[in-house]
Amino acid sequence: MKIEERVLENVVVVDLKGKLTIGEGDELLRETINSLMQKGHTNLLLNLGDVPYVDSAGLGEIVRTYTTVKHQGGVLKLVNLTKRITDLLAITKLLTVFDTYESEAEAVSSFTS
């Protein structure tokens with residue numbers, strides 16, 4: 001798992017690349033989000049376009065991340081979900097919890113509206 005961060009307007013886009021599984025990405029995601037929140041970044045966008053697989057630990061970490069950000073007054077949204085991740089979120093009824101977007105531009109503009 002690789003994670004890269006970039007800033008677009010007032011949003012930090014967190015690009016995830018690789019499998020989000022137990023021991024292979026879940027801890028890295030937690031550390032990255034905690035670091036961003038400590039730096040005062042509250043508008044976060046998880047780009048899942050290059051994540052081929054998410055296991056239950058990875059899904060749990062996405063939910064934990066969402067909860068952490070929300071409790072600290074921030075907003076977390078998801079963009080570029082693969083069909084597999086969309087299906088996983090639908091089955092677990094989490095698709096109704098997250099704001100999801102097809103395009104990065106649409107997602108970034110949603111933070112200001």
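In this text, all values refer to a predicted model and were calculated from it rather than measured experimentally. (Residues numbered from 1 in each chain as written. Predicted model: local features only at pLDDT ≥ 70, side-chain atom pairs only at ≥ 80, totals over all residues. Heavy atoms only, no water.)

J.: I'd like to hear about the overall build of the chain, residue by residue, with values.
T.: Assigned secondary structure in the chain consists of four helices and five strands. When the elements of the chain are put in sequence order from the N terminus, they spell out β-β-α-β-α-β-α-β-α. Judged by the C-alpha coordinates and their principal axes, the chain covers about 30 × 25 × 25 Å. For the chain, with 113 residues in total, the buried portion stands at 42%. Put simply, of all contacts in the chain between residues at least 6 apart along the chain, 69% involve residues at least 24 apart. (Helix = DSSP H or I, 4+ residues; strand = E, 2+ residues; numbered from the N terminus. Buried < 20%, exposed > 50% of the residue type's maximum accessible area, 1.4 Å probe, protein only. Contact = heavy atoms within 4.5 Å.)

J.: Mind laying out the pairing of strand β4 (residues 75–79), listing which residues take part and the relevant values?
T.: Of all five residues making up β4, four are buried, and the element is well covered by its neighbours. Alignment of strand β3 (residues 43–50) against β4, held across five bridges, turns out to be parallel. Across the sheet, the residue bridging to Asn 43 is Val 75, located in β4. As a crossover connection, the stretch from β3 through helix α2 (residues 56–71) into β4 is right-handed. (Pairing = 2+ DSSP bridges. Right-handed = clockwise from strand over helix to strand, strands pointing away.)

J.: So what's going on with the packing of helix α1 (residues 26–38) against α2? Which residues, and what values?
T.: Axis separation between α1 and α2 bottoms out at 9 Å; the angle between their running directions is 10°. In terms of orientation, α1 and α2 fall into the roughly parallel class. From α1, Asp 26, Leu 29, Arg 30, Ile 33, Asn 34 and Met 37 reach across to α2, where they touch Ala 57, Glu 61, Ile 62, Arg 64, Thr 65, Thr 68 and Val 69. Tallied by class, the residues present in the contact of α1 with α2 amount to six nonpolar, three polar and four charged. (Axes fitted to C-alpha atoms, helices over the stretch in contact; angles between N-to-C directions. Parallel < 35°, antiparallel > 145°, perpendicular 65-115°, else oblique. Nonpolar A, V, L, I, M, F, W, Y, C, P; charged D, E, K, R; others polar.)

J.: I'd like a rundown of α1, residues and numbers included.
T.: End to end, α1 covers 19 Å across 13 residues, agreeing with the expected 18 Å (1.5 Å per residue, within 8%). Restricting attention to buried positions, one finds in α1 the residues Asp 26, Leu 29, Thr 32, Ile 33, Leu 36 and Met 37. Down the axis of α1, the buried set is contained in an arc of 130°. They therefore lie on one face. Across from the buried face of α1, at angles greater than 90 degrees, the exposed residues are Glu 31 and Gln 38. Elements that come into contact with the buried residues of α1 comprise β1 (2–8), β2 (11–17), β3 and α2. Following α1 by one or two positions, Gly 40 adopts a phi angle in the positive range, close to 90°. (Expected span 1.5 Å × (residues − 1). Arc of directions from axis to C-beta.)

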